[in-house]
Amino acid sequence: MAKIKPRVKAPKSVAAGEVFTVKTLINHTMESGQRKGKDGNKIPRQILHTFDVTYNGAQVMTATQHGAISANPYVEFQMKVNESGTLTMKWLDDDGSTYETSKDIAVG
Amino acid sequence: MKLSRRDTLALGGAVATISLLPLRASATTEAATASLKEFTGGADWAEGGVELTAPEIAENGNTVPIAVSAPGAVAIAIVADGNPNPGVAEYAFGELAEPMVATRMRLSGTQGIIAVAKMADGSFKSASRAVKVTIGGCGG
């Protein structure tokens, strides 16, 4: 697999309590375990099974993904905050790897 | 109300799609229901209060955009009743999140997508959409 690089689009600053949209994308084959290789055997499953979003340590959203989530998983969600801080996103791979990125958001 | 030709086509297409769906519960529909029952802890769900957006026709079953929104929900589960495995994803929302999500999923063929939302009071609401798939998305 190519180097895993998450991409996140979130506003740099928002008003307290204002709902905003966060768009996330991460490149990953999300091998479902259903595909057959050239030898006719099923390619083992390897997906990003969990996508965890926290803001200043508090849980925002946690997604549990299964094989039916498309490759290069895209997740868009909405949230609000009341104070400045850091939005942290973590992806957990079946193979034990963790991918993480964060975005600072200013409230004022 | 006079229907435009576009509306008439869309209406005809919807009727044709629904008539193509199997009328009796198949093994996969049962699997989808079982998966949802795991999410609800055995409780039933009532249709309504959940908005599930999915295309009527998906040109590529490998990546079908969907969105679910359920005001007041604390969690949402999505299943597909014709895929090899019914579970698509589950989302749990904290206090800062709005109860909605958009993502992209794989559909192996024409089938129904069901979203069930767990409400703050412990009840469950649902919505379903039929999606016609032209090229299946399971690598086959």
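What counts and what doesn't
- Residues numbered from 1 in each chain as written.
- Chains lettered and ligands numbered in written order.
- Predicted model: local features only at pLDDT ≥ 70, side-chain atom pairs only at ≥ 80, totals over all residues.
- Heavy atoms only, no water.
- Helix = DSSP H or I, 4+ residues; strand = E, 2+ residues; numbered from the N terminus.
- Buried < 20%, exposed > 50% of the residue type's maximum accessible area, 1.4 Å probe, protein only.
- Contact = heavy atoms within 4.5 Å.
- Areas by Shrake-Rupley, 256 points an atom, 1.4 Å probe, with all protein chains shown as cover.
- Lys, Arg positive; Asp, Glu negative; His and termini not counted.
- Charge placed at Lys NZ, Arg CZ, Asp CG, Glu CD.
- Salt bridge = Lys/Arg side-chain N within 4 Å of Asp/Glu carboxyl O.
- Buried area = accessible area lost by both parts, 1.4 Å probe.
- Phe/Tyr/Trp six-rings, centres within 6.5 Å; stacked < 30°, edge-to-face > 60°.

*Asks:* Help me understand the overall build of chain A in this model?
*Replies:* Within chain A one finds zero helices and eight strands. Shown N-terminal to C-terminal, the secondary structure of chain A runs as helices and strands in the order β-β-β-β-β-β-β-β. Counting only C-alpha atoms, chain A reaches 60 × 20 × 20 Å along its principal axes. Within chain A, the fraction of its 108 residues that count as buried is 41%. The contacts in chain A between residues at least 6 apart in sequence include a share of 57% that link residues at least 24 apart. Taken as a whole, chain A presents about 5500 Å² of accessible surface, with 47% of it coming from carbon and sulfur. Positive and negative side-chain charges in chain A, numbering 14 and 11 respectively, have mean positions lying 7 Å apart.

*Asks:* In this structure, what is going on with the pattern of salt bridges? I would like to understand it.
*Replies:* Think of it this way: side chains of opposite charge can pair up when their charged atoms draw near. One pass over the full model with this rule turns up four salt bridges over all chains. A salt bridge links E31 of chain A to R35 of chain A, with the nearest nitrogen and oxygen atoms 2.8 Å apart. A residue is classified by how much of its surface remains accessible, and E31 of chain A, at 10% relative accessible area, is buried. The salt bridge partner of D44 of chain B is K37 of chain B, with a shortest N-O separation of 2.8 Å. For K37 of chain B, a relative accessible area of 29% translates into the label partly exposed.

*Asks:* I keep staring at the interface of chain B and chain A and nothing clicks. Help me out?
*Replies:* By a widely used convention, the size of an interface equals the accessible area lost when the partners come together. Taken together, the contacts link 27 residues of chain B with 30 residues of chain A. For the chain B and chain A pair, buried surface summed over both sides reaches about 2300 Å², with 50% attributable to carbon and sulfur atoms. Contact with chain A buries surface across chain B, with L96, R104 and R106 of chain B losing the most and accounting together for 33% of the total. Here chain B is connected to chain A by one salt bridge.

*Asks:* I'm lost on the packing of aromatic side chains in this one. Help?
*Replies:* Here the distance between the centres and the angle between the planes together describe a pair of aromatic rings. All names here are of chain A. All chains considered together, the criterion is met by three aromatic pairs over all chains. With centroids separated by 4.8 Å and ring planes inclined at 25 degrees, the aromatic side chains of F51 and W91 adopt a geometry described as stacked. Of the two residues, F51 is situated in strand 4 (residues 48–55) and W91 in strand 7 (residues 85–93); the sequence distance between them amounts to 40 residues. You can call W91 buried: its relative accessible area is 2%. An aromatic cluster is built from F51, F77 and W91, whose rings are joined through pairwise contacts.

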